[in-house]
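Geometric and topological summary
Now for the letters of each chain:
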Amino acid sequence: MVSKENPRPGGRSARVQAAVHQAVREMLARMERADVTIPLIAQRANVTPSTIYRRWGDLQELLADVAASRLQPETEPLKTGSGRSDLQAWAEQYADEMSSGAGRQMIRDILAVSGTANAEKCAGYTQQQLRVIIARAEEQGEAFPTLTELMDFVISPIMYRILFDQVPNSDYIHGLISRVMSKVRPSPETTETTVGVSGA
């Protein structure tokens, strides 16, 4: 979704967004979803309804924007000692959060709008986390899947299960990671080091 006002970062625009987002989160936590309206949100955020309509267009666009912001990770993936175990721990947490009732609702909100900006933003958050794991693995000299391979063979199946099938458990995620790791070829540097050690 593209903001209707195309606001500048910071300043009043940022304060309005923060107030409106906070109002939406509080109301969704305390009210039936069907009872949440833009006039009520505006009253709680101390802005005019026209401000919300001008910036977000309608309620569904606003809910999608709030959902996308809530899916932004607050911390880097846990360090566990290896790229593979980092990926396993992160993917299990990702599946747990996204398959929860709140997670599924946020996914539905994001997918309910016609624009793709919020969906792309969420994909970007996931890719940022995976890049951290990939970089750590590379620093340790581990042969590791590419970002595209992780998105195609780990994230995509997890999201499909969450949306259309049973919730993926740790065994399922472990299987995905084992299969994608089996496709990885050792880097030339790793191969040369191994040969050198073996021939020593």
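About the thresholds
- Each chain carries its own residue numbering, running from 1 in the direction its sequence is written.
- It should be noted that, the model being predicted, local features are given only for residues of pLDDT at least 70 and side-chain atom pairs only at 80 or more, the latter also being counted only at that level, while totals for whole chains, interfaces and linings use all residues.
- Calculation of side-chain values draws on the structure's entire complement of heavy atoms; hydrogens and water are dropped beforehand.
- Segments assigned H or I by DSSP are reported as helices when at least four residues long, segments assigned E as strands when at least two residues long, and all are numbered from the N terminus.
- Any helix carries an expected span of 1.5 Å times its number of residues minus one.
- Relative accessibility under 20% of the residue-type maximum defines a buried residue, over 50% an exposed one, and the middle range a partly exposed one, all with a 1.4 Å probe and only protein chains included.
- Note that the arc is defined by the directions from the helix axis to the C-beta atoms.
- Confidence per residue, as judged by the predictor, is encoded in pLDDT with a range of 0 to 100.
- In this description, contact between two residues means that some pair of their heavy atoms is separated by no more than 4.5 Å.
- For every element, the axis is a line fit to its C-alpha atoms; helices are fit only across the contacting stretch, and the angle between N-to-C directions ranges from 0 to 180 degrees.
- Note that the term roughly parallel is reserved for angles under 35 degrees, roughly antiparallel for angles over 145, roughly perpendicular for angles of 65 to 115, and oblique for everything else.
- Asp, Glu, Lys and Arg are counted as charged, while Ala, Val, Leu, Ile, Met, Phe, Trp, Tyr, Cys and Pro are counted as nonpolar; the rest, among them Gly, fall into the polar class.
- Two helices cross in a left-handed way if the nearer one is turned anticlockwise from the farther one by less than a right angle. They cross in a right-handed way if the turn is clockwise.
- Residues enter patches when their relative accessible area tops 30% and they take part in no salt bridge; the joining distance is 9 Å for like charges and 5 Å for the nonpolar side chains Val, Leu, Ile, Met, Phe, Trp and Tyr.
- Here the accessible surface of atoms and residues is derived via Shrake-Rupley with a 1.4 Å probe, and residues count as covered only by protein chains that are part of the display.
- For this analysis, a salt bridge means a side-chain nitrogen from Lys or Arg found within 4 Å of a carboxyl oxygen belonging to Asp or Glu.

1. Digging into helix α1 (residues 11-30)
Since there are 3.6 residues in each turn of an α-helix, residues three or four apart along the chain are aligned in direction. Between its first and last C-alpha atoms α1 spans 29 Å; for 20 residues at 1.5 Å apiece the expected length is 28 Å, and the two agree. All buried positions along α1 are accounted for by Ser13, Val16, Val20, His21, Ala23, Val24 and Met27. The buried residues of α1 all sit within an arc of 160° when viewed along its axis, so they share a single face. Facing away from the buried side of α1 by over 90 degrees, the exposed positions are Arg15, Ala29 and Arg30.

2. So, the confidence of the model for the protein
On average, residues of the protein carry a pLDDT of 88, and 88% of them reach 70 or more. Per-element confidence in the protein is highest for helix α2 (residues 38-45), whose mean pLDDT is 97, and lowest for helix α10 (residues 188-199), whose mean pLDDT is 46. In this model, residues 190-200 is a region of pLDDT below 50 whose contacts with residues beyond four sequence positions or in other chains number 2 contacts.

3. Describing the packing of α1 against helix α4 (residues 59-70)
Two elements in contact, α1 and α4, have axes separated by 10 Å at closest approach and are oriented at 90°. One way to sum up the angle between α1 and α4 is to call them roughly perpendicular. Together, Val20, His21, Val24, Arg25 and Leu28 of α1 and Leu62, Leu63, Asp65, Val66, Ser69 and Arg70 of α4 make up the contact between the two elements. Here the residues of the contact of α1 with α4 sort into 6 nonpolar, 2 polar and 3 charged.

4. What about the packing of helix α5 (residues 83-99) against helix α9 (residues 170-182)?
In contact at an axis separation of 10 Å, α5 and α9 are set at 140° when each is read in the N-to-C sense. For the element pair α5 / α9, the angle class is oblique. The hand of the α5/α9 crossing is right-handed. The residues of α9 that touch α5, namely those facing Arg84, Leu87, Gln88, Ala91, Glu92 and Ala95, are Ser170, Ile173, His174, Ile177, Ser178 and Met181. Residues belonging to the contact of α5 with α9 are distributed by class as follows: 6 nonpolar, 4 polar and 2 charged.

5. Observations regarding a nonpolar patch on the surface
A cluster of nonpolar side chains, Leu111, Tyr160, Leu163 and Phe164, forms an exposed patch at the surface whose accessible area comes to about 460 Å². The topology assignment puts Tyr160 in helix α8 (residues 147-164). Given a relative accessible area of 52%, Tyr160 falls into the exposed group.

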